[in-house]
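# Understanding the architecture of this molecule
The chain contents come next:
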Amino acid sequence: MSLKESKMTNSNQPQHVSAPLGYVEPHAGLLAIPPESQTLYKIISAENLLRSVFGGYLHFNRVDSYVDFPGADPHDGRQLPKDKPGNESSRFQNSPNFTAADYYDQSRARTYACCFSLENSNYIWSSYANNNKRGKVCVVFEFGKLRNAINNTLRPGNAAIEYNGNRCHQIFSVNYGLVEYVEWQSHQINTERLPNPILYTYLKDKQRFSEERELRVSLSAIGIGQLSLNDGSTMEFPNSLQLAFDFQTAITDGTILKILHAPGADTDFLKSELNKLRIVLSDG
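Residues numbered from 1 in each chain as written. Predicted model: local features only at pLDDT ≥ 70, side-chain atom pairs only at ≥ 80, totals over all residues. Heavy atoms only, no water.

### Looking at helix α3 (residues 100-108)
Along α3, the residues that are buried comprise A100, A101, Y104, Q106, S107 and R108. N-cap assignment for α3: the residue whose side-chain oxygen lies 3.3 Å from the backbone N of A101 is T99. (Buried < 20%, exposed > 50% of the residue type's maximum accessible area, 1.4 Å probe, protein only. Helix = DSSP H or I, 4+ residues; strand = E, 2+ residues; numbered from the N terminus. Polar contact = N/O pair within 3.5 Å; in protein donor to acceptor, adjacent residues only side chain to side chain.)

Given below as structure tokens:
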């Protein structure tokens, strides 16, 4: 079953065209990408790690949904305050009621991120996965191998979307990049031309978040039109997505270098559960 994009023509009648399929790293030239050998650290609760391992997925959050925990960034992926007036005054020729600001907001609501840090720091251990019952762990990845694994999953012809029991064409483009930390209230990037919406996904407030030293993997769908199934129902974008990822293979081939645990984590439970898949938890 394919996804369709509804687009307005000059006659204001909806015209149904096939939604564009997702691409692998279409915006790599716009983003700062670390060396292939870069080590990445991801803090996660022990419970969520086990869900991901046994479910075989990486968890992605929609970038406009980071509001439900202390320290969350409600501006994640949002157009900059200094950009917004210019974006609001820019309109689409065939849809004059739809502004560039609307386009950026809709793109944001269709963009997901999986976040990592370049450093195994006290900051990430104290800031993330604090809502847990069995402690927290840190999954350590090698960037280049993680990138290859995700790209292979999402290459054209390899992937599909499962949506409400329907198997649909894969419409999300994957990108990788280091987050740029800026002065949020004064920074501006639309002075010469309207920026690609992916750039807003990789900007954060320097004052609040620079200690994250974040690399993120983003999945984003087109920000124009409405996406609908062949039966005419409109596709909704949930707060999170699950991307297929085989943890056992990732450990075997060195994509995952180790799994560390915090003091106080229920290591007996973790070891017992992971041993069912022949995964050994480090004592470090």
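### Quick notes on the nonpolar core
The nonpolar side chains of soluble globular proteins are, as a tendency, buried together. By size, the foremost hydrophobic cluster in this structure holds 45 residues, and its most contacted members are F60, I150 and F172. In this structure, Y41, Y123, V140 and A262 belong to the second largest nonpolar core, which totals 9 residues. (Core = buried A, V, L, I, M, F, W, Y, C linked by side-chain atoms within 4.5 Å.)

### A closer look at the layout of surface pockets
Put simply, the second largest pocket is a space of about 410 Å³. The wall of the second largest pocket is formed by 18 residues, among which A160, I161, E162, Q242 and L243 lie closest to the centre. Looking at the lining of the second largest pocket, the elements that each hand over two or more residues are α5 (143-154), β9 (161-163) and β16 (240-244). In terms of residues, the lining of the second largest pocket owes the most to one element, β16, which gives 4 residues. (1 Å grid on protein atoms, 1.4 Å probe; cavity = no way out; pocket = protein on both sides within 12 Å on 5 of 7 lines; lining within 4 Å. Points joined across faces, edges and corners; volume = space filled by probe spheres on them.)

### Things to note about the side chain of D83
Within the secondary structure layout, D83 lies in the loop between β4 (57-62) and α2 (84-89). Within the buried set, D83 has no salt-bridge partner at all; the shortest N-O distance to an opposite charge, 8.5 Å, is to K82. Looking at D83, its side chain comes within polar contact range of the side chain of Y200, at 2.7 Å. For D83, the residues in contact, after removing those within four places along its chain, are Q188, I189, N190 and Y200. (Lys, Arg positive; Asp, Glu negative; His and termini not counted. Salt bridge = Lys/Arg side-chain N within 4 Å of Asp/Glu carboxyl O. Contact = heavy atoms within 4.5 Å.)

### Details of empty space enclosed by the protein
Under the definition given, this model contains 1 cavity of 30 Å³ or more. Put simply, the largest cavity is a space of about 30 Å³. In terms of lining, the largest cavity is formed by G77, Y104, S107, R108, P197 and Y200. Looking at the lining of the largest cavity, the element that brings in the most residues is α3, giving 3 residues.

### Observations regarding the packing of helix α1 (residues 46-55) against helix α9 (residues 267-275)
When two helices pack together, their arrangement is given by the angle between the helix axes and the distance between those axes. It is the contact of α1 with α9, at a shortest axis distance of 11 Å, that shows an interaxial angle of 0 degrees. Judged by the angle between their axes, α1 and α9 are roughly parallel. Between α1 and α9, the contacting residues are A46, L50, V53 and F54 on the first element and F269, L270, E273 and L274 on the second. (Axes fitted to C-alpha atoms, helices over the stretch in contact; angles between N-to-C directions. Parallel < 35°, antiparallel > 145°, perpendicular 65-115°, else oblique.)

### Focus on the pairing of strand β8 (residues 136-142)
Most of β8 is tucked away, with 6 of its 7 residues classed as buried. Note: strand β3 (residues 39-45) against β8, 7 bridges, orientation antiparallel. Bridged to Y41 within β8 is V140. Relative to strand β17 (residues 256-261), β8 is paired through 5 bridges, and the arrangement is antiparallel. What sits directly across from V140, in β17, is K258. (Pairing = 2+ DSSP bridges.)

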